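Summary of structural features
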Amino acid sequence: MNTLPPDPDPVPTTPPTASQRVIAAFERLTEAGRPELWTTLRAVEDVLVDAKAVDERVTAGEDLPLAGTVIAVQDRIDVAKQPSAHGVAETSAPVVARLTSAGAVVLGKTGAATVSAAWDRTKVGGNGAAVAVALGIVDLALSTGGAVPAALNAVAAVKPTRGLLPAADDVSVYANGLVAARRALVLMTGGDRDWPADVRLGAGEHPRIAYPDDLPLGEGASLALKAVVARLTAAGAVLTPISVAEPGFDGFDALVVPAVPEHPGVAEALGDPAGVGHRLAACTAFANLLDVAAVTVPVLPGDRRPFGVTFLTRAFEDQIALDLATVCTDEPMTPYPEPGEDIVVFGAHLRGQPLNAELTGLGARFSGPVRTIEGYRMVLLPTEPPQPGVLDGGTALDGERWRLSPAAFERFAAGLKEPFVLDHVELDDGSTPLAVRCLTADGPGLERYESWRGYVRFASTAGLRDPG
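Residues numbered from 1 in each chain as written. Predicted model: local features only at pLDDT ≥ 70, side-chain atom pairs only at ≥ 80, totals over all residues. Heavy atoms only, no water.

**Here's the deal with the overall build of the protein chain**
Note the following rule: We count a stretch as a helix when DSSP gives it H or I for four or more residues in a row; a strand needs E for two or more, and each element gets its number in order from the N terminus. Computation of the radius of gyration draws on C-alpha atoms alone. For the globule rule, the value is 2.2 Å times the number of residues to the power 0.38. The rule is simple: take the accessible area with a 1.4 Å probe, protein chains only, and divide by the maximum for that residue type; under 20% is buried, over 50% is exposed, in between is partly exposed. Whether two residues touch is decided by their heavy atoms; if any such pair falls within 4.5 Å, the residues are in contact. We treat Lys and Arg as the positive residues and Asp and Glu as the negative residues; His and chain ends play no part in the count. To locate a charge, the coordinates of NZ of Lys, CZ of Arg, CG of Asp or CD of Glu are taken.
Of the regular secondary structure elements, the protein chain holds 13 helices and 20 strands. Here the C-alpha radius of gyration of the protein chain, 25 Å, is about what a compact globule of 468 residues would show, namely 23 Å. Principal axes of the C-alpha set define a box for the protein chain whose edges measure 80 × 60 × 55 Å. Among the 468 residues that make up the protein chain, the fraction classed as buried is 50%. A fraction of 70% describes how many contacts in the protein chain between residues 6 or more apart in sequence connect residues 24 or more apart. When the 38 positive and 58 negative side-chain charges of the protein chain are each reduced to one mean point, those points stand 3 Å apart.

Okay, structure coming up:
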C-alpha cells in the first residue's frame, strides 16, 4: 500500500506578458537563422514599445484576448508605418488592425517567395509566413498563400468564406493549432457579407464526406489521406470516394482532399518553379474557383512528415469545416460566431434518441452536455415516441445544448406540440438558455432519474411502465 501523501496539484503557469513574448520571439528568430523569411523585420525596440503598451492596457483592466501573441503579416497585406506594395502604409489593413486592437503585436512582414521548409531546409516550404509559425517565431500569421504552405510545414490554416473578413477575401490564418486560428478568425470576422439566416451550423453525428480517390499522390500524401479517411470513419462519418474530375457538394456535407500531392525538394523547385508550383496546387486549385470555406490541418506531424488535408464546405458553413478538422487534431472547438440561438433538450431530442433528427435536419450544432441546478423534475408523457416533461421542482437534470441558426430556431419552435414550450432553465454554470420543457403536465414521476437516458436504460430492461 502506498502511504505517501498524494502529489500536490500543479500550480498553473502564468502566461507570458506581451513584452516577455516579444523577447522570446526575437531569441527564437536568432536561433532559427532564417532571415530570408522576412521582407521587413521591425526593430526590437519598436516591437517592445507596442508590447509595453499592451501590458499597460492589461494592467489597467482591459480584456485583450490576444495579449502575449506575436504575429507575422505577409507583405501583400498592409501594416501601418511599414513598407507595402504602394509605399509606406499609413494604416493597417482591417484584419491586422482588429488583431492588434485585441493585443497582438506585429513582429514583421514575410515574403510570398518560396522558401525552404521549417523541418527540412532541403524541402520546399512555401512562403515565409507558414515557416515562421512552424518554427515558433510567431504565434499567428496572415497570408494569401492558402493551404499549400501550411501543409508543407505542418501548421493549421483557416481560410473563411469570402466576404466574412473585411476587404480580405484571400487571407488565411496560419497557427500551430485550430484553437488559436479560430480565436484570431473570430476577432477578424465582420466583412461585406451577412450570414444567411438559415446557415447550417452542424452536419449531425454521421456527416457525409467525399474524397478523391484518383489523384496522383506520392506515398506520404497517400498515407495521410488514408489515415484521415480511417479516422473520420471511426468517428462516425460516412466517407465516399469520388473522381477528382467531379468535385462538388451534391449529396455531401464536405470534401476532404490532400493539401499537397508531394513534398518536392528546393533544388527541383529552383530548376522548374512553374512546374513544381502547378503540381503542388493541383489538389486544391479548384477550390479557388468556388465559394467555399477551407480548413487545413497536419495529419502526421509527429513523425516529421508534413502532409496535411484540407476540409472544404459550402459558403458560410465554416463551423462544419472546423468541427470536422478537429477530428484530426483532437482539439476542442468552440463556436465560430455565426448568428444563432442556443436551446437545451432533455428527452427524445438528445443525440441517439428518436427525435434528434429534428435538430440535425435543421443544421443544428451539438455544443455539449449540460446540467441544471437543483430545482427540476421529469414526468413521463403519453407521447409517441415517449418523452419527458420537464417541470419546476426537484433535482438537477442532465441535458444537451444545441445551437441553431435564426431561421432553424424559428422552424424548430414552430414545430413544438403541446404541452412542450421553450422556456428558460438555469444551468450549473449560471447561464439561463431556452429549453424544451413543460409549464404544466401530468404523468408518472421520474424523480428517481436525473437524466432521460437513465430512464431509457431502465425501460429497455423493465419495459415501459410506472417508474415508481
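Next comes the rest of the account.
**Some details on the state of the cysteines**
Applied cut-off: Criterion for a disulfide: a pair of cysteine sulfur atoms within 2.5 Å.
Within this structure, the stated rule accounts for zero disulfides. Here Cys328 is not cross-linked by a disulfide; its sulfur's nearest cysteine counterpart is in Cys283, at 16 Å. Note on Cys328: relative accessible area 11%, which makes it buried.

**What about the sheet that holds strand β18 (residues 398–404)?**
Definition in use: We treat two strands as partners when DSSP finds at least two bridges between them. Lines fitted to C-alpha atoms define the axes here, with helix axes fitted over just the stretch in contact, and angles between the N-to-C directions of these axes take values from 0 to 180 degrees.
The strand order β15-β18-β14-β20-β19 describes an open sheet built from five strands, whose pairing is mixed. Looking at which strands have only one partner, the edges of the open sheet turn out to be β15 (365–371) and β19 (420–424). Across this sheet, the average inter-strand angle for adjacent strands is 35°, counted without regard to direction. Bridge analysis of strand β14 (residues 341–345) against strand β20 (residues 434–438) gives two bridges, and the strand direction is parallel. Pairing of Val344 across the sheet is with Ala435, part of β20. In this fold helix α12 (residues 406–415) packs onto β14, β18, β19 and β20, with an angle of close to 125° to the strand it touches most, β18.

**Some words on α12**
Here α12 has its buried residues at Ala407, Ala408, Phe409 and Phe412. Next to the buried residues of α12 lie β14, α11 (357–360), β18, β19 and β20.

**So, the packing of helix α7 (residues 219–234) against helix α10 (residues 318–329)**
Threshold: The cut-offs work like this: below 35 degrees is roughly parallel, past 145 is roughly antiparallel, 65 to 115 is roughly perpendicular, and the gaps in between are oblique. Residues are grouped as follows: Ala, Val, Leu, Ile, Met, Phe, Trp, Tyr, Cys and Pro are nonpolar; Asp, Glu, Lys and Arg are charged; all remaining types, including Gly, are polar.
In contact at an axis separation of 10 Å, α7 and α10 are set at 105° when each is read in the N-to-C sense. By the criterion of interaxial angle, the relationship of α7 to α10 is roughly perpendicular. Along the contact surface, α7 presents Val228, Arg231 and Leu232, while α10 presents Leu324, Val327 and Cys328. Here the contact of α7 with α10 is composed, by residue class, of five nonpolar, no polar and one charged.

**A closer look at the environment of Leu107**
Take Leu107: it is sitting in strand β5 (residues 105–110). Setting aside chain neighbours within four positions, we find Leu107 in contact with Ala25, Phe26, Trp38, Leu41, Arg42, Val47, Val70, Ile71, Ile137 and Val138.

**Overview of helix α2 (residues 44–59)**
Quick reminder of the rule: Multiplying 1.5 Å by the residue count of a helix minus one yields the expected span of that helix. This arc is built from the directions going out from the helix axis to the C-beta atoms.
Here α2 spans 22 Å end to end across 16 residues, near enough to the 22 Å set by a 1.5 Å rise per residue. Inspection of α2 places Val47, Ala51, Val54 and Asp55 among the buried residues, and these make up the whole buried set. In an axial view of α2, the angular spread of the buried residues amounts to 100°, which keeps them on one side of the axis. In α2, the exposed positions that point more than 90 degrees away from the buried face belong to Glu45, Val49, Lys52 and Thr59. Backbone geometry just downstream of α2 places Gly61 in the positive-phi region, at approximately 105°.

**Brief notes about the packing of aromatic side chains**
Using the following cut-off: For this analysis, a ring pair means two rings from Phe, Tyr or Trp (six-membered ring only for Trp) whose centres lie within 6.5 Å, classed as stacked if their planes differ by under 30 degrees, edge-to-face if by over 60, and tilted for the remaining angles. For a Lys NZ or an Arg CZ to count as sitting over a ring, it must be within 6 Å of the ring centre and within 35 degrees of the ring normal.
Applying the stated rule across the entire model yields seven aromatic pairs. Residues Trp195 and Tyr336 carry aromatic rings whose centres are separated by 5.6 Å and whose planes lie at 75° to one another, so their mutual orientation is edge-to-face. Of this pair, Trp195 sits in the loop between α6 (178–188) and β9 (208–212) while Tyr336 sits in the loop between α10 and β14, and the two are 141 residues apart along the sequence. As far as burial versus exposure is concerned, Trp195 and Tyr336 are alike and both buried. Between Tyr455 and Phe458, the ring centres sit 5.8 Å apart and the planes meet at 40°, which makes this aromatic pair tilted. Note that Tyr455 and Phe458 are positioned in helix α13 (residues 452–462) at a spacing of three residues, about one turn of the helix. One aromatic cluster is present, formed by Tyr449, Trp452, Tyr455 and Phe458 through successive ring pairs. In this arrangement the basic side chain of Arg351 is found over the ring face of Phe366, its NZ or CZ atom lying 3.7 Å from the centre.

**Examining unusual backbone geometry**
Cis geometry marks the peptide bond from Glu384 to Pro385; its omega dihedral reads 0°. Locating Pro385 in the fold gives a position in the loop between β16 (376–381) and β17 (387–392). Of note, the amide linkage connecting Glu418 to Pro419 takes the cis form, showing an omega dihedral of 10°. Inspection of the secondary structure assignment puts Pro419 in the loop between α12 and β19. With a phi angle near 60°, Ala154 is a residue other than glycine that sits in the positive phi range. As for its position among the elements, Ala154 is in the loop between α5 (147–153) and β7 (156–159). What makes Ala154 partly exposed here is its relative accessible area of 23%. Unusually for a residue other than glycine, Asp330 sits at a positive phi of about 60°. Relative to the helices and strands, Asp330 resides in the loop between α10 and β14. Residue Asp330 is classed as exposed on the basis of its relative accessible area, which comes to 59%.

**Describing the nonpolar core**
To keep it simple, the criterion reads: Here, nonpolar core refers to any group of buried Ala, Val, Leu, Ile, Met, Phe, Trp, Tyr and Cys residues whose side-chain atoms link them within 4.5 Å.
Counting residues in hydrophobic clusters, the biggest one holds 67 residues, and the most contacted among them are Val96, Leu142, Leu178 and Phe311. Aside from chain neighbours lying at most four places away, what touches Val96 is Val73, Ile77, Asp78, Val79, Val106 and Leu142.

**A few points about the sheet that holds strand β6 (residues 140–143)**
With mixed pairing, the 11 strands of this open sheet are ordered in space as β1-β5-β2-β6-β8-β7-β12-β13-β11-β9-β10. One side of each edge strand has no neighbouring strand; the edge strands of this open sheet are β1 (38–41) and β10 (238–242). Here the average twist between neighbouring strands, direction ignored, is 25°. Sheet analysis places β9 next to β10, joined by five bridges and oriented parallel. Across the sheet, the residue bridging to Pro212 is Ile242, located in β10.

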